[in-house]
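Examination of the molecular architecture
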Amino acid sequence: MHKESYIYIAGHNGLVGSAIFRELKRRGFKNIITANRCDLDLINSTKVSEFFSENKIEYVFDAAARVGGIKANDTYSGEFIFQNTMIQTNLIHNSYLYKVKKFLLLGSVCIYPKFAPIPVKEASLLCGELEPTNEAYAIAKIHGIKMLQAYKKQYGFKGLALMPCNLYGPNDNYHPDNSHVIPALIRKFHEAKNGPVICWGDGTPMREFMYVDDLADAAIFAMKRYENAELINVGSGEDVSIKNLAEMISELTGYKGNILWDKSKPNGTPKRPLDYSKLKLLGWEPKYKLRQGLEKAINYFKKEIIN
Ligand SMILES: NC(=O)c1ccc[n+]([C@@H]2O[C@H](COP(=O)([O-])OP(=O)(O)OC[C@H]3O[C@@H](n4cnc5c(N)ncnc54)[C@H](OP(=O)(O)O)[C@@H]3O)[C@@H](O)[C@H]2O)c1
């Protein structure tokens, strides 16, 4: 991939896609191709095929997906499995037909079995039962990984699949009801004034978070180095309890009230750090510490979301 390459980012308005877009632009890549959903619904096979025939595309970053938290995954499981399998099927198949040089698929830690040994290695794929609440989403993503592997085997199609830990940053979803933990806490602490702020569970679960600009850097790094439909974990190596996370966000937003823990609400999976030694061995490391990333995310929220 070089500065003149024709690079299509699917899902360029989302958290991940917009970070990849910013990073490619920052590095001087000149031919970045994007399309808004109103012009190109990636579920529509005919439209996707037309799009590939009309555009010269050499590399694809697939960051388009129907995503959501536990509740959305559980409630809309049919939509999740349908939309995600369709999006990646259309993109992978047309990339193969139109001779794309390399394809990068985004997945997430939820593709691994619920009780995979920790830190979770790539080899744990399909070694046990999935977490039932996001099974439909996980199966769709596993389908994408297996499709890349089958296309590599039969056609020699070059691809890779990146599995990041939890991400946060600009263009995250800050919706009060269906956002992930970091944007949800940023909003809660910002809006609470004197509080109290009530958080779900008892605060003990440990989580691994990555500022999305680090993921964009990892995606470009991996795109240049892998091509055999490998599965590659991307972690931050920094584990934090939800309690410490909430305290950090409360301090950084300037919140002065109490934090209460509603223990009647579920904690979720206890601990799931990713083993990202595969990427580390090639020399890739994240740059942002959690505190630094949170400061940036909070500044973004104040400037872009509530203004
Ligand atoms: N967020 C995380 O913590 C996290 C962690 C690990 C992995 N990932 C992975 O990263 C990928 C992207 O996630 P994200 O957090 O960036 O999600 P996101 O912010 O919701 O972005 C998804 C993008 O996909 C687009 N899209 C969805 N359905 C589409 C369709 N039918 N046609 C065209 N565009 C469509 C959306 O378009 P609109 O803007 O029009 O809605 C949006 O731009 C997913 O595969 C996810 O599993 C995310």
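The structure under discussion appears in the preceding block.
Summary of the structure given here. (Residues numbered from 1 in each chain as written. Predicted model: local features only at pLDDT ≥ 70, side-chain atom pairs only at ≥ 80, totals over all residues. Heavy atoms only, no water.)

Some points on the overall build of the protein
Just so we agree on the cut-off: What counts as a helix is a DSSP run of H or I of at least four residues, what counts as a strand is a run of E of at least two, and both are numbered from the N terminus. The buried label goes to any residue with under 20% of its type's maximum accessible area, the exposed label to any with over 50%, and the partly exposed label to all in between, with areas taken from a 1.4 Å probe on protein chains only. The contact criterion used is simple: two residues touch if any of their non-hydrogen atoms lie within 4.5 Å. Only the protein chains shown count as cover for residues, with accessible areas throughout obtained via the Shrake-Rupley method and a probe of 1.4 Å.
Assigned secondary structure in the protein consists of 10 helices and 11 strands. Taken over the C-alpha atoms alone, the protein extends approximately 60 × 45 × 40 Å along its principal axes. The burial tally for the protein puts 50% of its 307 residues in the buried class. The long-range share in the protein, meaning contacts at least 24 apart out of those at least 6 apart in sequence, stands at 82%. Here the protein has roughly 14600 Å² of accessible surface; of this, 51% comes from carbon and sulfur atoms.

With respect to the sheet that holds strand 10 (residues 239–241)
Put simply, the rule reads: A pair of strands is treated as paired once DSSP finds two or more bridges between them. Between N-to-C directions, angles span 0 to 180 degrees; the directions come from axes that are lines fitted to C-alpha atoms, helices contributing only their stretch in contact.
Spatially, 3 strands are ordered 6-8-10 in an open sheet, and the strand pairing comes out mixed. The sheet is open, and its two borders are formed by strand 6 (166–168) and strand 10, each paired with just one other strand. Averaged over all pairs of adjacent strands, the angle between strand axes in this sheet comes to 50 degrees, irrespective of strand direction.

Side note on the site of the ligand
Our working definition: When at least one non-hydrogen atom of a residue lies within 4 Å of a molecule or strand, that residue is treated as near it. Polar contact criterion, stated in full: a pair of N or O atoms within 3.5 Å, where within protein one must be able to donate a hydrogen and the other to accept it, and residues adjacent in sequence count only if both atoms are side-chain atoms. Note that Gly is not counted as nonpolar here; it falls among the polar residues with everything else outside the nonpolar set of Ala, Val, Leu, Ile, Met, Phe, Trp, Tyr, Cys and Pro and the charged set of Asp, Glu, Lys and Arg.
The immediate surroundings of the ligand are formed by 25 residues, with Val16, Arg37, Gly107, Tyr137 and Leu167 found nearest. Contacts to the ligand include Val16, whose backbone N or O atom sits 2.8 Å from an oxygen atom. Asp41 is positioned such that a nitrogen or oxygen atom in its side chain is 2.9 Å from a nitrogen atom of the ligand. Of all the secondary-structure elements, those providing two or more residues to the shell around the ligand are helix 1 (15–26), helix 5 (135–155) and strand 6. Residues belonging to the shell around the ligand are distributed by class as follows: 15 nonpolar, 7 polar and 3 charged.

Structural notes on the pattern of salt bridges
The test is simple: A pairing counts as a salt bridge when a side-chain nitrogen of Lys or Arg comes within 4 Å of a carboxyl oxygen of Asp or Glu.
Within this structure, the stated rule accounts for 15 salt bridges. Arg22 is the salt-bridge partner of Asp213, the closest N and O atoms lying 2.8 Å from each other. Residue Asp213 is located in helix 7 (residues 212–225), and its partner Arg22 is located in helix 1; the two are separated by 191 residues in the primary sequence. Overall, Arg22 belongs to the partly exposed group, its relative accessible area being 31%. A salt bridge links Asp217 to Arg27, with the shortest nitrogen-to-oxygen separation between them at 2.5 Å.

Considerations on the nonpolar core
Here is the rule we go by: Each nonpolar core is a collection of buried residues, namely Ala, Val, Leu, Ile, Met, Phe, Trp, Tyr and Cys, held together in the definition by side-chain atoms within 4.5 Å.
Of all hydrophobic cores here, the largest spans 74 residues; its most connected members are Tyr8 and Phe61. No other element matches helix 7, which puts 9 residues into this core. Counting 25 residues, the second largest nonpolar core, distinct from the first, contains Tyr168, Tyr174, Leu185 and Leu252.

Topic: the sheet that holds strand 2 (residues 31–33)
Reading across from one edge, 2-1-3-4-5-9 is the order of the 6 strands in this open sheet, with parallel pairing throughout. Edge strands, defined here as strands with exactly one partner in the open sheet, are strand 2 and strand 9 (228–234). Taking the axes of each pair of neighbouring strands and ignoring which way they run, one obtains an average angle of 15 degrees across the sheet.

Considerations on the pairing of strand 8 (residues 206–211)
For strand 8, a buried count of 5 out of 6 residues is recorded, marking the element as mostly surrounded by other parts of the structure. Pairing between strand 6 and strand 8: 3 bridges, direction parallel. In the sheet register, Leu167 faces strand 8, and the bridge partner there is Met210. The sheet contact formed by strand 8 and strand 10 spans 3 bridges and is antiparallel. Among the inter-strand pairings, Met206 is bridged to a residue of strand 10, identified as Ser241.

Describing a nonpolar patch on the surface
What counts, and what does not: Patch building starts from residues that exceed 30% relative accessible area and form no salt bridge, then joins like charges within 9 Å and nonpolar side chains (Val, Leu, Ile, Met, Phe, Trp, Tyr) within 5 Å.
A surface patch of nonpolar side chains, amounting to about 250 Å² of accessible area, comprises Ile81, Phe82 and Ile139. The residue Ile81 is located in helix 4 (residues 77–97) in this model.

A short note on the packing of aromatic side chains
Selection rule: Stacked, tilted and edge-to-face pairs are distinguished by plane angle, under 30 degrees for stacked and over 60 for edge-to-face with tilted covering the rest, among Phe, Tyr and Trp rings (Trp via its six-membered ring) whose centres lie within 6.5 Å.
Under the defined criterion, the tally for this structure stands at 16 aromatic pairs. Between the aromatic rings of Tyr8 and Phe51, the centroid separation amounts to 4.9 Å while the plane-to-plane angle is 55 degrees, which identifies the pairing as tilted. Here Tyr8, found in strand 1 (residues 6–10), pairs with Phe51, found in helix 2 (residues 45–54); they are 43 residues apart in sequence, far enough to count as distant. Taking the relative accessible area as the measure of exposure, Tyr8 reaches 1% and is therefore buried. Here Phe51 falls in the buried class, since its relative accessible area comes to 10%.

Considerations on the side chain of Asp172
Our working definition: When charges are counted, Lys and Arg contribute as positive and Asp and Glu as negative, whereas His and the chain ends are disregarded.
Looking at the element boundaries, Asp172 is found in the loop between strand 6 and helix 6 (181–192). Buried and unpaired, Asp172 has no salt bridge, with Arg22 as the nearest side chain of opposite charge at 10 Å. Dropping the residues within four chain positions of it, Asp172 is found in contact with Leu15, Leu167 and Pro183.

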